[in-house]
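Inside the fold
Residue-level listing of the chains:
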Amino acid sequence: MTNYTKLPAILLLADGTVYHGKAAGKIGTTTGEICFNTGMTGYQEIFTDPSYFGQIMVTTNAHIGNYGIHKEEIESDSIKIAGLVCKNYSIGYSRKEASESIQDYFQDENIVGISDIDTRALVRKIRDQGAMNAIISSEITDIEELKAKLAQVPSMDGLELSSQVSTKEPYFYGSPDATYKVATLDFGIKKNTLRNFDQRDLYVQVFPAKTTFEEMDKWGADAYFVSNGPGDPSAMPYAIETVKQILASDKPLFGICLGHQLLAQANGIGTMKMFNGHRGLNHPVKNIIKNHCEVTSQNHGFGVIPEEVRKSDKVEITHINLNDQSIEGIRVKGKKAFSVQYHPESSPGPHDSRYLFDDFVSLIKGELSW
Ligand SMILES: NC(=O)CC[C@H](N)C(=O)O
């Protein structure tokens, strides 16, 4: 394949800052909300995480691509990030299990990126100025033209994206002989969540985002799962309604990330756009029920409004972020429903929080209550 990576490329931020670097991936132009992930490993899992749909990813690890691309290290069937910004873009790779280079992968999947950017300076800028849109181009050099294109990009605030990454048809995961059945609402589910269910004797049917409760209920599931996903949860009234109906059914319910935000919304608690999201593999969270700390994997740009959670008589707080005291977990009083803002399936990330999948199984078995 032709190697275009010596060609110049431009990154323009919505505040007018221009960065010059080199083309990475396909030659072209891409737009999205710029965000950064501080993880030191797991780039392929991050690129394929559907929650990043519509976002340009800045990786703070200095080398990207250096251990190649592995067919199995994916969280969905394609790259979901809108574009990549990195420092060193390594086309050569050192792992013998890898099947191709990052450059071939990006070109095959039509992903536009930019390398040789001072990502430390860029991240400090985004950190201090908050979330904003950006454009990367390796074909347009006129800044005014790039500005005009960037002005057309919608704000992430108020954007519904889940229905674009959700499965179009229902499908099954795991063994039909498993003891319990979990109906899953797919807003952009990660494969490792499904692997964790399968490992715990749960048979899953994954439903498209806009499936009604009535349709899912026909399957006779023992419990429900509400997945992670991209976009603004407050722009998803259809999903909030379905979660309300699941709650009314009194079946166990577990939600992760977007699923957590939707469970809050279904209980009358608002969500908000954060100044900077949490994206990385080492966010400390305190489980205030068990009085322990977990190091967690995170990826979100919205959050539940802390004052509204504290005032709510419907939910109680189970987890708190130790960096900024944001709400990381809730459970619904008198219901078998709980959720976390972070990612216990953690692919990539530490496994501290995997016990939440065991808690879900205990809840289904009737061995856990509050
Ligand atoms: N990982 C997720 O589910 C992200 C949820 C939501 N889109 C957010 O950015 O906050």
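All of these numbers come straight from a predicted model, not from anything done at the bench.

1. Focus: the domain arrangement of the chain
- Along its sequence, the chain is carved into domain 1 (8-151) and domain 2 (162-365).
- Elements with a contribution of two residues or more to the side of domain 1 that touches domain 2: strand E3 (29-37) and helix H1 (43-47).
- Of the residues forming the side of domain 1 that touches domain 2, the biggest block, three residues, is contributed by E3.
- Its residues placed into classes, the side of domain 1 that touches domain 2 shows eight nonpolar, nine polar and five charged.

2. Some words on the UniProt feature "domain: Carbamoyl-phosphate synthase small subunit N-terminal" (unreviewed entry) in the chain
- In the numbering adopted here, UniProt assigns the feature "domain: Carbamoyl-phosphate synthase small subunit N-terminal" (unreviewed entry) to residues 7-137.
- With 18% helix and 34% strand, residues 7-137 has end C-alpha atoms that lie 11 Å from one another.

3. Quick notes on the sheet that holds strand E17 (residues 315-321)
- Pairing in this open sheet of 10 strands is mixed, and the strands run E10-E12-E11-E13-E14-E19-E18-E17-E15-E16 from one edge to the other. On the outer flanks of this sheet lie strand E10 (171-173) and strand E16 (292-304), each paired with one strand and no other. Pairwise comparison of adjacent strand axes, ignoring direction, gives a mean angle of 25° for this sheet.
- In this structure, E17 lies alongside strand E18 (residues 327-332), joined through five bridges in antiparallel fashion. Bridging across to E18, valine 315 finds its partner in valine 332.
- Together, E10, strand E11 (180-185), strand E12 (202-207) and strand E14 (253-256) form the strand contacts of helix H6 (residues 191-199), whose direction differs from that of E12 by roughly 150°.

So, how was this worked out
- Residues numbered from 1 in each chain as written.
- Predicted model: local features only at pLDDT ≥ 70, side-chain atom pairs only at ≥ 80, totals over all residues.
- Domains from an automatic or database assignment.
- Helix = DSSP H or I, 4+ residues; strand = E, 2+ residues; numbered from the N terminus.
- Nonpolar A, V, L, I, M, F, W, Y, C, P; charged D, E, K, R; others polar.
- UniProt positions renumbered as here; feature names shortened; annotations may be inferred.
- Pairing = 2+ DSSP bridges.
- Axes fitted to C-alpha atoms, helices over the stretch in contact; angles between N-to-C directions.
- Contact = placed C-beta atoms within 7 Å.

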